[in-house]
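Each chain, letter by letter, is given below.
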Amino acid sequence: MIIVLKPDSTDEQVKHILDTIEGMGFRHDLSRGEKQTVIGVIGEEDRLREAPLQAIPGVQKVVPVLKPYKLASREFQAEDSVFDLGYGVKVGGGNLMMIAGPCAIEGKEILHEIAVAVKASGANVLRGGAFKPRTSPYSFQGMGEEGLKILQDVGHELQMPVVTEVMDPRQVELINKYTDIFQIGARNMQNFDLLKEVGSMNRPVLLKRGMSATVVDLLMSAEYIISQGNSEVILCERGIRSFDPSTRNLLDLAIVPNLRGLSHLPIVIDPSHATGRPDLIPSMSLASIAAGADGVHIEVHCNPELAKSDGPQSLLPDQYDDVMKQMKQMATMLGKTIPAPVAK
Ligand code: PEP
Ligand code: MN
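Summarised in this report is the structure supplied together with it. Model, not experiment: these values are computed from the prediction. (Residues numbered from 1 in each chain as written. Chains lettered and ligands numbered in written order. Predicted model: local features only at pLDDT ≥ 70, side-chain atom pairs only at ≥ 80, totals over all residues. Heavy atoms only, no water.)

1. Quick word on the sheet that holds strand E12 (residues 233-237)
Backbone hydrogen bonds are what pair the strands of a sheet, in a parallel or an antiparallel way.
So, step 1. With parallel pairing, 8 strands are arranged side by side around a closed barrel as E7-E8-E9-E10-E11-E12-E13-E14. For this sheet the average axis-to-axis angle between neighbouring strands, irrespective of direction, equals 25 degrees.
So, step 2. Running over the sheet, helix H4 (residues 145-158) touches strand E8 (125-127) and strand E9 (162-165) and is turned about 165 degrees from E9.
So, step 3. Strands E12 and strand E13 (267-269) of the sheet are contacted by helix H8 (residues 255-262), whose axis makes an angle of about 170 degrees with E13. (Pairing = 2+ DSSP bridges. Helix = DSSP H or I, 4+ residues; strand = E, 2+ residues; numbered from the N terminus. Axes fitted to C-alpha atoms, helices over the stretch in contact; angles between N-to-C directions. Contact = heavy atoms within 4.5 Å.)

2. Observations regarding the pairing of strand E11 (residues 205-208)
So, step 1. Side chains Val-205 and Leu-207 project from E11 onto one buried face, and the interleaved Leu-206 and Lys-208 project onto a second face that is buried too.
So, step 2. Relative to E11, strand E10 (residues 181-184) is paired through 3 bridges, and the arrangement is parallel. Bridge assignment links Gln-183 to a residue of E11, and that residue is Leu-206.
So, step 3. Tracing the backbone out of E10, into helix H6 (residues 192-199) and back to the parallel element E11 gives a crossover that is right-handed. (Buried < 20%, exposed > 50% of the residue type's maximum accessible area, 1.4 Å probe, protein only. Right-handed = clockwise from strand over helix to strand, strands pointing away.)

3. Digging into the site of ligand 1
So, step 1. Taken together, 13 residues surround ligand 1, and among them Arg-127, Ala-186, Arg-187, Lys-208 and Arg-238 come closest.
So, step 2. Take Arg-187: an N or O atom from its side chain is 2.9 Å from an oxygen atom of ligand 1.
So, step 3. Between an oxygen atom of ligand 1 and a side-chain N or O atom of Glu-299, the distance comes to 3.2 Å.
So, step 4. When ligand 1 is considered free in solution it has 290 Å² of accessible area, and contact with the protein chains removes 97% of it.
So, step 5. According to the grid-proximity analysis, the pocket containing ligand 1 is the second largest pocket.
So, step 6. Looking at the shell around ligand 1 residue by residue, the class counts come to 3 nonpolar, 3 polar and 7 charged. (Near = heavy atom within 4 Å. Polar contact = N/O pair within 3.5 Å; in protein donor to acceptor, adjacent residues only side chain to side chain. Areas by Shrake-Rupley, 256 points an atom, 1.4 Å probe, with all protein chains shown as cover. 1 Å grid on protein atoms, 1.4 Å probe; cavity = no way out; pocket = protein on both sides within 12 Å on 5 of 7 lines; lining within 4 Å. Sits in = over half its atoms within 2 Å of the grid points. Nonpolar A, V, L, I, M, F, W, Y, C, P; charged D, E, K, R; others polar.)

4. Some remarks on the environment of Val-63
So, step 1. For Val-63, the position within the fold is in strand E4 (residues 59-63).
So, step 2. Judged by relative accessible area, which is 6%, Val-63 ranks as buried.

5. Some thoughts on the packing of aromatic side chains
For any pair of aromatic rings, the description rests on two quantities: the centre-to-centre distance and the angle between the ring planes.
So, step 1. The full count for this structure, using the stated rule, is 1 aromatic pair.
So, step 2. Here the guanidinium or amino end of Lys-308 rests over the ring plane of Phe-140, the centre of that ring lying 5.1 Å away.
So, step 3. For Lys-344, the ring lying beneath its charged end belongs to Tyr-87, and the centroid distance is 4.6 Å. (Phe/Tyr/Trp six-rings, centres within 6.5 Å; stacked < 30°, edge-to-face > 60°. Lys NZ or Arg CZ within 6 Å of the ring centre and 35° of its normal.)

Structure (structure tokens):
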């Protein structure tokens, strides 16, 4: 059972609620976030159902949730979550988040060139990594803070929200100064200290599925973030490890309707990392929209052969433009919107 407290509940009221729960013979787990305080009540199911928890002063609602993830679950919230991403762009509830940009920020000019192109094609969020989680310590590790400044500048100039990866709890404060949306990469999906840290911030989080993470693992990671008070979690499927080396990863497209039933959170598909192959990205992008995804994340580069990371899987701006044209048609057919960023 989950108890959601009224937003203005005082420390005294919280203590009273916890004492009352104990008095009823149940255990409790308090999570006090900036925006929301929630108490998990643990005990025998039948007795919990009968207990007059709703009557305790300070309680806003009582939600029976038997799943291990609670705040992320459909039982907790029946309607789809909709989040503001900046510049009037929304995701969820029929709004599609179209993320595009290079894998890594490599310099102002090149990022600007890519950003102008993808925005003209209809992308509404610009991506670019400044801290890169590379498999090899000898590969390009990203431009760091200098890259963040470039990303922010280009985002401001083109008036579109930006997303960038945070790899370490110690980077959260720095990256918070430059980005509109945090990205948690696949390799860090279960970095619980990092999840808690972004959970205490006031920005949407694009949470990528770990390479070997189950659907429940992904939702439990979302739960970590939400339980700290940040409910703006966007789930992202980017392919899972398989036995078959013919694609970089294996795109689990069924995760869209699967998650839709289990959770109210938006779901974005990343066919770039999922397939690693530009020849497969267009069809998998369309399939993502057809499956009901709330957005598509695509890596784009003007010079893939010179890109410092993930060049081989990057689409050229023209190729991105073609696939966007088709995705727009499909979105219209399904009654979905791709919100264009609104100048501030
Ligand atoms: C990326 O978005 O460039 C990236 C490293 O993604 P992932 O964490 O899904 O591998
Ligand atoms: Mn990449």
